[in-house]
Amino acid sequence: YETEPGVYDCYMYLTDLVLILEKKFWTERDVLCIDPETKLVLNMQQLESEDFFSGTNTVLIGDATTGEVYYSYNGDAPAAMASTTKLMTYLIVMDAVSNGQISLTDIVEVSENVNRLSYAVDGVIRMPTGQTVSVNDLLGGMLLPSSNECALALAEYVAGTEEAFVNKMNAKASAIGLSEATRFYNCNGLPTYTDTAFESKIQNRISSKDMFKLVSYIIAVYPQITDITS
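The model shown is predicted, which means the values in this text are computed figures rather than measured ones.

Considerations on helix 3 (residues 85–98)
Reasoning step 1: The terminal C-alpha atoms of helix 3 lie 20 Å apart, and with 14 residues this matches the ideal 20 Å at 1.5 Å per residue to within 8%.
Reasoning step 2: Residues of helix 3 that are buried include every one of Thr85, Lys86, Met88, Thr89, Tyr90, Leu91, Ile92, Val93, Met94, Asp95 and Ala96, and no others.
Reasoning step 3: Buried residues along helix 3 sit in contact with helix 5 (135–143), helix 6 (148–159), helix 7 (162–175), helix 8 (208–221) and helix 9 (225–229).
Reasoning step 4: Positioned one or two residues after helix 3, Gly100 has a phi angle of 85 degrees, which is positive.

Structure (structure tokens):
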């Protein structure tokens, strides 16, 4: 957040801060207190009993390297997955790289579809038609600033059309054991709307159990994702 030219402020929740510090905390008369000597321990059952997750669709905590699940709350319930859709997009692209269909150094030409999306209200990176970008740079743009247009450019390059790419996404979801709670309709997670007499919103969806499986799979098969995300 730029407060004045060249000066930026960063805002975060206090609870996020103490989670990063991993120290015990509590409140007294609206004052946040932190014990620097005591390690933070969360009792998930207590949080659940106190309705901490009442506004949350689905929660899961586990070890992605072992597959062990420590805690689950409505773990099978589907929820809109928004930009986390791009994890599956990354997986499909990397499968195409792995099987030799494409290369990370391939140069992709921006289509008119990508251009229109980049200049729409949900655009993140302005991408004029005809611009050329490497697959590797598109992956970075997709995963870091969550560029919807980079995701679409990759989808079109890998499968020809977004529709064909989405078919690959759903097939991969089934192949790695994701449940029927998970369904993809596009490559970036933006909501889409039907053009029928009664308009309705369609969104990619996933359960927290399926998200855990998806992330665990990506980390196991393509650990180089952290070269970008870390």
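Moving on, there is more to tell.
Here's the deal with the pattern of salt bridges
Reasoning step 1: Counted under the stated rule, the structure contains four salt bridges.
Reasoning step 2: In this structure, Glu22 engages Lys39 in a salt bridge whose closest nitrogen and oxygen atoms are separated by 3.2 Å. Remark: Lys39 occurs in strand 4 (residues 31–39) and Glu22 occurs in the loop between helix 1 (14–21) and strand 3 (23–28); sequence separation between them is 17 residues.
Reasoning step 3: Overall, the relative accessible area of 42% leaves Glu22 in the partly exposed class.
Reasoning step 4: Of the charged contacts, one joins Asp95 and Lys172 as a salt bridge, the two residues approaching to 2.9 Å between their closest N and O atoms. Here Asp95 is found in helix 3, whereas its partner Lys172 is found in helix 7, with 77 residues between them in sequence.

Conventions used here
- Residues numbered from 1 in each chain as written.
- Predicted model: local features only at pLDDT ≥ 70, side-chain atom pairs only at ≥ 80, totals over all residues.
- Heavy atoms only, no water.
- Helix = DSSP H or I, 4+ residues; strand = E, 2+ residues; numbered from the N terminus.
- Expected span 1.5 Å × (residues − 1).
- Buried < 20%, exposed > 50% of the residue type's maximum accessible area, 1.4 Å probe, protein only.
- Contact = heavy atoms within 4.5 Å.
- Salt bridge = Lys/Arg side-chain N within 4 Å of Asp/Glu carboxyl O.

So, to be careful, I would describe these as geometric facts and stop short of saying anything about function.
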